[in-house]
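Here's the letter readout for the chains.
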Amino acid sequence: MRFTRLWLIALLLGAATASAQVAHLPSLKVDLNQTSVSGLSSGGYMAVQFHVAHSAIVKGAGVIAGGPYFCARDDQNVATTICSCTGLTSCQPSQAGQAVPDLVQRTSQNEKNNAIDPTSNLSADRVWLFSGSADSVVPPPIMNALETYYKNYLPASNIAYVKNIAAEHAMPTDSFGNACNFRGDPFINNCKFDAAGALLEWIYGSLDPRSSGAPTGRLIEFDQSEFLADPTGHGMWQTGWAYVPAACEQSAQCRVHVVFHGCRQYPGSGYAQGPQGKFGDTFVKNSGYNRWADTNNLVILYPQANAMNAGTRPPRANPNGCWDWWGYDDAAYATKGGRQIAAVKKMLDRLAGVSAPPPPPVGFCGAASNADHVAGNRAYTWFFWFYLARGSNEFLGFSGGTQSTLKETAPGTYRKVTSCP
């Protein structure tokens, strides 16, 4: 019995620590017109979509194992047999290149409809591409199609294309991960090649060397529901991360680089070496960006996707926590009106001070069910059946229907009380 109580206390303390890290995404001194993006796999597709949709502010993109804009053409079968080799039937990646003229035409149509920014914005941008010669998920012909697509909008001299490394489907680093030709969790491979640094330097030009020690900035876990109502219902995790160098919190002029992770790299994905067997912040801490951020006044924004058993457009599903690049959630997924793209743009607006964090609620005191307290952001759940007061982390019970009386004793901090004045 004593062991059980100690175990419960340890769990609650773990939950309290996790909860305390969640915050509002801050407003900083950020130049939106210096924004850049990159991504792996579905994140590579998302980086291309965001680049094309918001080319007025995005000055460059890095794409690892992705493909051309609107490659899936709103068709899950095309996504898994032509734009990637993830389906149950034979893969035909060469067809991705054949489709480029149609994809350019679709881009033009979206431009005419004002669904994306004018493509003329792309003409001076810098694009960095990486295709592992051993990639079995997004084979090189698909990345070749992306190169062809981009050449319709910007000169070949603005495109760097690395394709001579025998890498499998993963984020290449020079210090962390599996063997370079390994396919599997965490989809980060030590290829003796710093992809994050290479793409950042191609986009921004010469940078100061990355920090030699551990990152010294602040990793902020923030609430994504401020930017998309019900994020988990639309393929996004409840929280995201931002890495903010100390100089950027001290009013230095900074730039933002947005990083989109790949499939099966969302926080709740199973990963034996992660915390509690979950992926957690593995990609955020080990993909190689943060040490470059410290020395170059770069804020790294890491929005997070989430798995869905069935999308909002049945029968489409997203079991691997991929970004929406084939239309599982939203018919407008590749445009400025797409839910996920719009949410990330709002995150950028917040970082640039275009929109301020909401003021914390002050002065609440009242009785309600634990579930209602969660809905009102006065409490949170852990492992679905532990209910705790937000801020104070006081244990409220195991049932959402149980009544608790909470009083806000400081902005964002709630405590149990016997009654309200």
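Conventions used here
- Residues numbered from 1 in each chain as written.
- Predicted model: local features only at pLDDT ≥ 70, side-chain atom pairs only at ≥ 80, totals over all residues.
- Heavy atoms only, no water.
- Helix = DSSP H or I, 4+ residues; strand = E, 2+ residues; numbered from the N terminus.
- Rg over C-alpha atoms; globule rule 2.2 N^0.38 Å.
- Contact = heavy atoms within 4.5 Å.
- Areas by Shrake-Rupley, 256 points an atom, 1.4 Å probe, with all protein chains shown as cover.
- Lys, Arg positive; Asp, Glu negative; His and termini not counted.
- Charge placed at Lys NZ, Arg CZ, Asp CG, Glu CD.
- Buried < 20%, exposed > 50% of the residue type's maximum accessible area, 1.4 Å probe, protein only.
- Phe/Tyr/Trp six-rings, centres within 6.5 Å; stacked < 30°, edge-to-face > 60°.
- Lys NZ or Arg CZ within 6 Å of the ring centre and 35° of its normal.
- Pairing = 2+ DSSP bridges.
- Axes fitted to C-alpha atoms, helices over the stretch in contact; angles between N-to-C directions.
- Disulfide = S-S within 2.5 Å.
- Core = buried A, V, L, I, M, F, W, Y, C linked by side-chain atoms within 4.5 Å.
- pLDDT = per-residue confidence, 0-100.
- Parallel < 35°, antiparallel > 145°, perpendicular 65-115°, else oblique.
- Left-handed = near helix turned anticlockwise from the far one by under 90°.
- Nonpolar A, V, L, I, M, F, W, Y, C, P; charged D, E, K, R; others polar.
- Salt bridge = Lys/Arg side-chain N within 4 Å of Asp/Glu carboxyl O.

### Examining the overall build of the chain
Part 1: Counting secondary structure elements, the chain contains twelve helices and 18 strands.
Part 2: In terms of overall dimensions, the chain is globule-like: its C-alpha atoms have a radius of gyration of 22 Å, near the 22 Å expected for 421 residues.
Part 3: Oriented by its inertia axes, the alpha-carbon framework of the chain measures out at about 70 × 50 × 45 Å.
Part 4: Considering only residue pairs separated by 6 or more positions, the chain has 65% of its internal contacts joining residues 24 or more positions apart.
Part 5: Total accessible area on the chain stands at roughly 17,200 Å², and carbon and sulfur atoms take up 53% of it.
Part 6: If you average the places of the 31 positive and of the 29 negative side-chain charges in the chain, the two averages end up 4 Å apart.

### Quick notes on the environment of tryptophan 385
Part 1: For tryptophan 385, the position within the fold is in the loop between strand S14 (379–382) and strand S15 (386–389).
Part 2: Taking relative accessible area as the criterion, tryptophan 385 reaches 42% and is therefore assigned partly exposed.
Part 3: Distance in space between the C-alpha atoms of tryptophan 385 and asparagine 77 is 38 Å, their sequence separation being 308 residues.
Part 4: For tryptophan 385, the contacting residues outside a window of four places in its chain are Gly397, Phe398 and Ser399.

### Examining the packing of aromatic side chains
Part 1: In the structure shown here, the tally under the stated rule is 22 aromatic pairs.
Part 2: Judged by centre distance (5.8 Å) and plane angle (20°), the ring pair of phenylalanine 130 and phenylalanine 193 falls under stacked. Here phenylalanine 130, found in strand S4 (residues 126–130), pairs with phenylalanine 193, found in the loop between strand S8 (188–190) and helix H7 (195–204); they are 63 residues apart in sequence, far enough to count as distant.
Part 3: Overall, the relative accessible area of 2% leaves phenylalanine 130 in the buried class.
Part 4: Consider the rings of tyrosine 149 and tyrosine 153, whose centres lie 5.2 Å apart with planes at 55°: the pair is tilted. No difference in accessibility class separates tyrosine 149 from tyrosine 153, as the two residues are buried.
Part 5: The rings of Tyr69, Phe70, Tyr149, Tyr150, Tyr153 and Tyr333 are connected pair by pair, giving a single aromatic cluster.
Part 6: Across from the ring centre of tryptophan 202, 3.7 Å away, lies the NZ or CZ of arginine 126, which sits over that ring.

### Some points on the sheet that holds strand S13 (residues 365–369)
Hydrogen bonds along the backbone pair up the strands of a sheet, which may run parallel or antiparallel.
Part 1: Strands sit in the order S13-S17-S18 across an open sheet of three strands; the sheet is antiparallel. At either margin of the open sheet sits one strand with a lone partner, and together these are S13 and strand S18 (413–416). Strand-to-strand twist of the sheet, defined as the mean angle between neighbouring strand axes without regard to direction, takes the value 40°.
Part 2: Taken together, the five bridges between S13 and strand S17 (residues 403–410) define a ladder with antiparallel strand orientation. Bridge pairing in S17 links serine 369 to glutamine 403.

### Points about the sheet that holds S15
Part 1: An order of S14-S15-S16 is seen for the three strands of this open sheet, with the pairing classed as antiparallel. Both outer strands of the open sheet, S14 and strand S16 (395–397), are each paired with one neighbouring strand and no more. The mean inter-strand angle of the sheet, taken between neighbouring strand axes irrespective of direction, is 35°.
Part 2: Bridge analysis of S15 against S16 gives two bridges, and the strand direction is antiparallel. Pairing of tyrosine 387 across the sheet is with glycine 397, part of S16.

### Quick notes on the state of the cysteines
Part 1: This model, assessed by the stated rule, comprises six disulfides.
Part 2: Paired through a disulfide, cysteine 180 and cysteine 191 show a sulfur-sulfur distance of 2.0 Å. Its torsion about the S-S bond being 95°, the disulfide of cysteine 180 and cysteine 191 is classed as right-handed. On the criterion of sequence distance, the pair formed by cysteine 180 in the loop between strand S7 (178–179) and S8 and cysteine 191 in the loop between S8 and H7 is long-range, its members being eleven residues apart.
Part 3: Residue cysteine 180 is classed as buried on the basis of its relative accessible area, which comes to 16%.
Part 4: One disulfide in the model links cysteine 248 with cysteine 254; its S-S distance is 2.1 Å.

### Topic: the nonpolar core
Soluble globular proteins tend to pack their nonpolar side chains together in the buried interior.
Part 1: If you look at the biggest cluster of nonpolar residues, it comprises 108 residues, and the most contacted ones within it are Ile64, Met171, Phe260, Tyr289, Leu301 and Tyr302.
Part 2: When residues in this core are grouped by element, the largest group, seven residues, is from helix H2 (residues 42–53).
Part 3: The residues contacting methionine 171, other than those within four sequence positions of it, are Leu40, Ile64, Phe187, Ile188, Asn189, Ala195, Ala196, Phe283, Ser287 and Tyr289.
Part 4: By size, the runner-up hydrophobic cluster in this structure holds six residues, among which are Ala379, Ala389, Leu396 and Leu406.

### Overview of the side chain of threonine 335
Part 1: Residue position: threonine 335 is located in the loop between strand S12 (298–302) and helix H11 (339–351).
Part 2: Ignoring sequence-local partners within four residues, the contact set of threonine 335 consists of Ala53, Tyr69, Asn110, Ala115, Ile116 and Ile341.

### Examining the confidence of the model for the chain
Part 1: When pLDDT is averaged along the chain, the result is 91; 94% of the residues meet or exceed 70.
Part 2: A low-confidence stretch, residues 1–20 (pLDDT under 50), is modelled with 17 contacts involving residues beyond four sequence positions or located in other chains.

### Some points on the packing of H2 against H11
Part 1: Direction vectors running N to C along H2 and H11 enclose 70°, while the axes themselves pass 11 Å from each other. Judged on the interaxial angle alone, H11 and H2 are roughly perpendicular. For the crossing formed where H2 meets H11, the hand is right-handed. For the pair H2 and H11, contact is made by Met46, Gln49, Phe50 and Ala53 and by Gln340, Ile341, Val344, Lys345 and Leu348, respectively.
Part 2: Taken together, the residues of the contact of H2 with H11 sort by class into six nonpolar, two polar and one charged.

### A look at the pattern of salt bridges
Part 1: Summed over the entire model, instances satisfying the criterion amount to twelve salt bridges.
Part 2: With a shortest N-O distance of 3.0 Å, arginine 350 and glutamate 226 are connected by a salt bridge. Remark: glutamate 226 occurs in the loop between strand S9 (218–223) and strand S10 (239–244) and arginine 350 occurs in helix H11; sequence separation between them is 124 residues.
Part 3: In this structure glutamate 226 comes out as partly exposed when scored by relative accessible area, which is 25%.
Part 4: Aspartate 281 is the partner of lysine 285 in a salt bridge, and the nearest nitrogen-oxygen pair spans 3.1 Å.
Part 5: Linked by salt bridges that have partners in common, Asp74, Arg313 and Arg316 make up one network.

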